[in-house]
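Listed below are the residues making up each chain.
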Amino acid sequence: MKIAMIGSGAAGSVFAAYLRKGGAELYLVDRYKAHMDKIASEGLTFVSPAGEELLTGFHTAAKADEIGEMDMVILMVKSTQTRDIMPTLSNCMTDKTVVVSLQNGLGNAEVLAEYVSPDRILYGFGTIGTELQEPGKCVSKPESGVIMRFGAAKKSELSQAAGKALQKLFNDGGCEARFEEDIRPFVWKKAISNSGYNTLSALLRLKVGHILDSEEGRELIKRIWAEGCKVALAVTGVDLWPEMEQELPRLREGFATYYPSMAQDVLMHKRQTEVRLLNGAIAHYGRQYGVETPVNDAVTLMISIIQANYENQY
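These lines cover the structure that appears in this document, whether it is placed above or below. A quick note: this is a predicted structure, and the numbers were derived from the prediction, not measured.

Examining the pairing of strand E12 (residues 177-180)
Alignment of strand E11 (residues 148-152) against E12, held across four bridges, turns out to be parallel. Opposite Gly151, over in E12, you have Glu180 as the bridge partner. Of the crossover connections in this fold, the one passing from E11 over helix H5 (residues 157-172) to the parallel E12 is right-handed.

Now the structure itself:
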């Protein structure tokens, strides 16, 4: 199976590493030339709890039109970039190519459905902290248990076969994955969790553990989560709050010493974030379903102001 990873930065490289270890034929696409060149010439150094290893055999390119037709295209660009990226993928996709979103946030499958049939769409997420330490070297900080979850936007023979194949590749590569019958509750849970610690880390300029050390920090996370769970219940009919109440110890175990992706965007790289696909999406669905989300509204507005004013900040 020929698989393209569109967006091969920190998370895309880590996901690709697991797939390569599982036997996939991988085509990495990214505009970061030094990173692509290093992988092409020397391989990808993959750091995980199991140790450090050098993985080779990747194909690399700066643009998708350089790689030919693919059996599967995995999107790991920021969710805010999907509408710009999809028109550029026509040369590497056929009517049998399955498109996979493993991106952060809510609504990714709906955006993909504007470009391809829902029976060719898989979507989900990974619960993995990732870093790109230097060109050609990525770091995986996975949680315990099932690390990767995904499902079909619409069940079909093609989507079922692709989902099972992707599950096997991840599992064979050492990343425990599950192809779910109904991925929606899992996507909502991940987005709600992310909307708490990720956004607050960016706003407060703190690693996750420092937020969790504060009673006020824990209370803020819980308020964001409580609103998200009310919206998820209205949208999916599934009550996620009992599970979310157990999330704080998991966060401390997995992310205490870590600046998550939105904090990296705001604090280190001064770039646009995915807040409107996280807290902003919770608030959006809340308005649709008549659920009030004042805390998610507020943090969305704050991050939006920050990312519009990087050049004006003290």
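Quick look at the sheet that holds strand E10 (residues 137-142)
With mixed pairing, the four strands of this open sheet are ordered in space as E4-E3-E10-E9. Edge positions in the open sheet fall to strand E4 (51-55) and strand E9 (128-134), since each of these has one partner strand only. Geometrically, the sheet is characterised by an average inter-axis angle of 20° between neighbouring strands, direction not taken into account. When E9 meets E10, the two strands line up antiparallel, connected through six bridges. Residue pairing for E10: Ile128 is matched across the bridge by Pro142. Each of strand E3 (44-48), E4, E9 and E10 touches helix H1 (residues 10-21); the most contacted strand, E9, lies at about 105° to it.

Focus on the packing of helix H6 (residues 184-204) against helix H11 (residues 261-269)
It is at 7 Å that the axes of H6 and H11 come closest, and there the two elements cross at 15°. Our classification of the angle between H6 and H11 gives roughly parallel. Viewed along their axes, H6 and H11 form a crossing whose handedness is right-handed. Along the contact surface, H6 presents Asn198, Thr199, Ser201 and Ala202, while H11 presents Ser261, Met262, Ala263, Val266 and Leu267. Along the lines of polarity and charge, the residues of the contact of H6 with H11 split into five nonpolar, four polar and no charged.

Regarding the environment of Gly145
Among the structural elements, Gly145 can be located in the loop between E10 and E11. On the basis of relative accessibility, which here comes to 41%, the residue Gly145 falls in the partly exposed class. Each C-alpha atom of the pair Gly145 and Leu75 lies 24 Å from the other, and the pair is 70 residues apart in sequence.

Details of helix H8 (residues 215-236)
Between its first and last C-alpha, H8 extends 31 Å over 22 residues, near the 32 Å set by a 1.5 Å rise per residue. At its buried positions, H8 is contacted by H6, helix H7 (208-212), helix H9 (241-244), helix H10 (247-255), helix H12 (279-289) and helix H13 (294-307). Looking at the residues trailing H8, positive phi occurs at Gly237, about 80°.

Cut-offs and rules
- Residues numbered from 1 in each chain as written.
- Predicted model: local features only at pLDDT ≥ 70, side-chain atom pairs only at ≥ 80, totals over all residues.
- Heavy atoms only, no water.
- Pairing = 2+ DSSP bridges.
- Helix = DSSP H or I, 4+ residues; strand = E, 2+ residues; numbered from the N terminus.
- Right-handed = clockwise from strand over helix to strand, strands pointing away.
- Axes fitted to C-alpha atoms, helices over the stretch in contact; angles between N-to-C directions.
- Contact = heavy atoms within 4.5 Å.
- Parallel < 35°, antiparallel > 145°, perpendicular 65-115°, else oblique.
- Left-handed = near helix turned anticlockwise from the far one by under 90°.
- Nonpolar A, V, L, I, M, F, W, Y, C, P; charged D, E, K, R; others polar.
- Buried < 20%, exposed > 50% of the residue type's maximum accessible area, 1.4 Å probe, protein only.
- Expected span 1.5 Å × (residues − 1).

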